[in-house]
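# Secondary and tertiary structure notes
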Amino acid sequence: MQGYNCQAFTAEDGIIIATGVGTSSADVTYYQQMVRKAVDAATLIAENAPPQAPAPSIGIMLFDAGYCSIDNLDAPGPDRLIATGKSRDLEAAATAAPSSDHAPAPGNSITRMAERLATAEGIDTYRKRSHIAETPFGHAKHNLGFRRFTSRGLDRATSEWSFHAAVHNISKILTHLAAAPTAALA
C-alpha cells in the first residue's frame, strides 16, 4: 500500500500557510523543510500586506513529539516549543513540579525543552497546539471525507494536498467574512 505523510503549518487563525507531502512516516524529517516554507510564506504575506495592516510574523511554533530531535531543537529559525513526550506526560510534569526558573537548564536541548515545557507559560502556550495543528486534519477527514488521494504518485498527492489547503483557506476566509460582513467593508 502506497502511503503519504501530509504536513500542514497552520497559523493561529486556522489558515494553512505551508504544506508538504512525503513518503517518510517520521515527522522529524519534515521539520526544517516545513519551517523554511512557513517562514517564506510569512515573508511573502508581510511583503504584500497593506501598509496599514499589522506586520504578520511567525511567533512561537508548536510541534508535537514526532518532531523532537536535537537537530530540530537547535536548528535556526523562529522560537519553538516541541513536545518531548506525550501531552499527558507534559501536563503531569508541569502540574507536579512546575518550573519557574528561567535560567537555561543543564543538559542537551531535549532536557532544556522539557524544562521549558514544565513552566506555566510553556505548558499554557503548548496547550494551543492541538487545536491549531489538528483542526485542519480533522476537518479534512471528518467533514470533507478526505481520507485518501484520488491519484497516484508523490507529485499528484502533493498537488492534491496543496489544493485541499487552498480550499480550506478559502472556506475559512468566507466563514470569517460571513460572520462579520460590516468589518470586511470598513
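The rules behind each value
- Residues numbered from 1 in each chain as written.
- Predicted model: local features only at pLDDT ≥ 70, side-chain atom pairs only at ≥ 80, totals over all residues.
- Heavy atoms only, no water.
- Helix = DSSP H or I, 4+ residues; strand = E, 2+ residues; numbered from the N terminus.
- Buried < 20%, exposed > 50% of the residue type's maximum accessible area, 1.4 Å probe, protein only.
- Contact = heavy atoms within 4.5 Å.
- Phe/Tyr/Trp six-rings, centres within 6.5 Å; stacked < 30°, edge-to-face > 60°.
- Core = buried A, V, L, I, M, F, W, Y, C linked by side-chain atoms within 4.5 Å.
- Pairing = 2+ DSSP bridges.
- Axes fitted to C-alpha atoms, helices over the stretch in contact; angles between N-to-C directions.
- Parallel < 35°, antiparallel > 145°, perpendicular 65-115°, else oblique.
- Nonpolar A, V, L, I, M, F, W, Y, C, P; charged D, E, K, R; others polar.
- Expected span 1.5 Å × (residues − 1).
- Bend = angle between axes of the 7 residues up to and from the residue.
- Salt bridge = Lys/Arg side-chain N within 4 Å of Asp/Glu carboxyl O.

The subject of this paragraph is the overall build of the chain. Summing up its helical and strand segments, the chain has 8 helices and 4 strands in all. Taken from N to C terminus, the helices and strands of the chain fall in the order β-β-α-β-α-β-α-α-α-α-α-α. Expressed as lengths along the three principal axes of its C-alpha atoms, the size of the chain is roughly 50 × 50 × 30 Å. Burial analysis of the chain (186 residues in total) assigns 33% to the buried set. Here the analysis covers contacts within the chain between residues at least 6 apart in sequence; of these, 55% occur between residues at least 24 apart.

This model, assessed by the stated rule, comprises 7 aromatic pairs. Ring centres 6.2 Å apart and planes at 65° place the aromatic pair Phe9 and Phe63 in the edge-to-face group. With Phe9 in strand β1 (residues 5-10) and Phe63 in strand β3 (residues 61-63), this pair connects stretches of sequence that are 54 residues apart. When the ring of Phe146 is compared with that of Phe149, the centres are 5.6 Å apart and the planes differ by 90°; the resulting orientation is edge-to-face. Ring pairs connect the aromatic residues Tyr4, Phe137, Phe146, Phe149 and Trp161, which therefore count as one cluster.

Right, let's get into the nonpolar core. Counting residues in hydrophobic clusters, the biggest one holds 24 residues, and the most contacted among them are Phe9, Tyr31, Phe63 and Ile82. Those elements giving two or more residues to this core turn out to be α1 (31-47), β3, β4 (80-82), α3 (87-96), α4 (109-117) and α5 (120-126). The leading source of residues in this core is α1, at 4 residues. Phe63 has contacts with Phe9, Tyr31, Val35, Leu81, Ile82, Ala83, Tyr126 and Arg129, leaving out every residue within four places of it along the chain. Val21, Ala140, Phe146 and Phe149 belong to the second largest nonpolar core, which has 9 residues in total.

With respect to burial, β1 is a largely interior element, 5 of its 6 residues being buried. Where β1 lies against strand β2 (residues 16-22), 6 bridges are found, and the strand directions are antiparallel. Each residue of the ladder has a partner; that of Thr10, found in β2, is Ile16.

A word on the packing of helix α6 (residues 129-143) against helix α7 (residues 154-179). Two numbers describe a pair of packed helices, the interaxial angle and the distance between the axes. It is the contact of α6 with α7, at a shortest axis distance of 12 Å, that shows an interaxial angle of 100°. Judged by the inter-axis angle, α6 sits roughly perpendicular to α7. Residues Pro136, Phe137, His139 and Ala140 of α6 touch α7, and the partners they reach there are Trp161, His164 and His168. Tallied by class, residues from the contact of α6 with α7 come to 4 nonpolar, 3 polar and no charged.

The subject of this paragraph is α6. The terminal C-alpha atoms of α6 lie 20 Å apart, and with 15 residues this matches the ideal 21 Å at 1.5 Å per residue to within 8%. At Thr135, α6 shows its largest kink, close to 40°, and the proline Pro136 lies no more than four residues downstream. Residues of α6 that are buried include every one of Arg129, Ile132, Ala133, Pro136 and Ala140, and no others. Contact partners of the buried residues in α6: β1, β2, β3, α5 and α7.

What follows is about the pattern of salt bridges. Per the counting criterion, the structure on display carries 4 salt bridges. Linked by salt bridges that have partners in common, Glu91, Asp124 and Arg127 make up one network.

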